[in-house]
Amino acid sequence: MTGQEVILLDFWPSLYGQRARIALAEKGVPYEYRDENLRNKSQLLLDMNPVNKKIPVLIHKGKPICESRIIVEYIDEVWNDKAPLLPSDPYARATARFWVDFIDNKLYPTGRKVYTTKGEEQEASRKEFIDFLKLLEGELGDKPYFGGDSFGYVDVSFIPFYSWSQAYETYGNFSFEQECPKLFAWAKRCIQNKESVSKTLPELPKVVDFVKYLRQRFGFDD
Ligand code: GS8
């Protein structure tokens, strides 16, 4: 298989794009990475994802797969010879999907408010964000990974969060390690044990700078 067979349209800090990169790395799939300028999207991105016009897009043998969760599931199904991500048991699979849905529809929209609002609204978002993280910490429990003894679908989908944690801490004024020590230990475990993660996650200060730039664009900082 050549790199041309798989292309990933992505943007380096993206929490969603990182999912696809980690899943491809877990499976050992060679691919061509293309970093998009989201303020001046390539024609290929517009052609491959005409509905949402968003990254990530996985292009496999010329055909696009859009939406990060769908991309991770696709990668798991196509390259099924190693590193299974979704559990085989239907109930465990449904539960894993539930938590990733929670991350996308509750945690991330609230996290976004942590750095794009001010005053009371920001304080409420900060509290809610920490509550949501604690719910995820409860789901992890004493397991090494959300997937149990092995790194799985929820781990792949949630670990990119760690690359943004310093940015959330900076603008939300809280300590991830103090609020959620087990979750913090899980993140460190993923980085230490999984090259797919350590090689994918951007450096935390780089993401802080990126969020600072976003805030300037939103008019929150000078
Ligand atoms: C979200 C992708 C997304 O928001 C997924 O893949 O899971 N539900 C989708 N992509 C953003 C960049 S990351 O914040 C994006 O491409 N934005 C460009 C735009 O909205 O114009």
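It should be emphasised that the depicted structure is a prediction, and the values quoted were computed from it without experimental measurement.

Conventions and cut-offs
Residues numbered from 1 in each chain as written. Predicted model: local features only at pLDDT ≥ 70, side-chain atom pairs only at ≥ 80, totals over all residues. Heavy atoms only, no water. Domains from an automatic or database assignment. Contact = heavy atoms within 4.5 Å. Buried area = accessible area lost by both parts, 1.4 Å probe. Salt bridge = Lys/Arg side-chain N within 4 Å of Asp/Glu carboxyl O. Polar contact = N/O pair within 3.5 Å; in protein donor to acceptor, adjacent residues only side chain to side chain. Helix = DSSP H or I, 4+ residues; strand = E, 2+ residues; numbered from the N terminus. Buried < 20%, exposed > 50% of the residue type's maximum accessible area, 1.4 Å probe, protein only. Expected span 1.5 Å × (residues − 1). Core = buried A, V, L, I, M, F, W, Y, C linked by side-chain atoms within 4.5 Å.

**Some details on the domain arrangement of the protein chain**
At step 1: Each domain of the protein chain was delimited in the assignment, giving domain 1 (6-78) and domain 2 (90-217).
At step 2: Distance from the C-alpha centre of domain 1 to the C-alpha centre of domain 2: 21 Å.
At step 3: Domain 1 puts 16 residues into the contact, and the matching count from domain 2 is 28 residues.
At step 4: When domain 1 packs against domain 2, the two sides together hide about 1900 Å² of surface, and 61% of this comes from carbon and sulfur.
At step 5: Across the contact surface, domain 1 and domain 2 share 5 salt bridges.
At step 6: In this structure, Asp-104 and Arg-69 form a salt bridge, with 3.2 Å as the shortest nitrogen-oxygen distance.
At step 7: The interface formed by domain 1 and domain 2 includes 9 residue pairs in polar contact (both at pLDDT 80 or more).
At step 8: Mapped onto the side of domain 1 that touches domain 2, the elements with two or more residues apiece are helix 1 (15-27) and helix 3 (68-78).
At step 9: At 9 residues, helix 1 tops the list of elements feeding residues into the side of domain 1 that touches domain 2.

**What about the side chain of Asn-49?**
At step 1: For Asn-49, the position within the fold is in the loop between helix 2 (43-48) and strand 3 (57-60).
At step 2: The exposure class assigned to Asn-49 is buried, which follows from its relative accessible area of 4%.

**Here we look at the environment of Phe-132**
At step 1: Note on placement: Phe-132 falls in helix 5 (residues 119-140).
At step 2: Sequence separation of Phe-132 and Leu-107 is 25 residues, and the distance between their C-alpha atoms is 6.1 Å.
At step 3: In this view, Phe-132 contacts Phe-102, Lys-106, Leu-107 and Thr-110; residues no more than four positions away in its chain are not counted.

**Examining helix 5**
At step 1: Helix length check: helix 5, at 22 residues, gives a terminal C-alpha distance of 32 Å against a target of 32 Å (1.5 Å per residue), a fit within 8%.
At step 2: Where helix 5 is buried, its residues contact helix 4 (90-116), helix 6 (153-158), helix 7 (160-172), helix 8 (176-179) and helix 9 (181-193).
At step 3: One or two positions beyond helix 5, positive phi appears at Gly-141, with a value near 60 degrees.

**Some points on the nonpolar core**
At step 1: Leu-107, Leu-133, Phe-158, Ile-159 and Trp-186 are the most contacted members of the largest nonpolar core, which has 70 residues in total.
At step 2: Looking at this core element by element, the count peaks at 9 residues for helix 4.
At step 3: Taken together, domain 1 (6-78) and domain 2 (90-217) each give at least three residues to this core, which thus spans both.
At step 4: Contact partners of Leu-133, with chain neighbours within four places excluded, come to Leu-107, Phe-158, Phe-161, Phe-174, Phe-176, Cys-180 and Leu-183.

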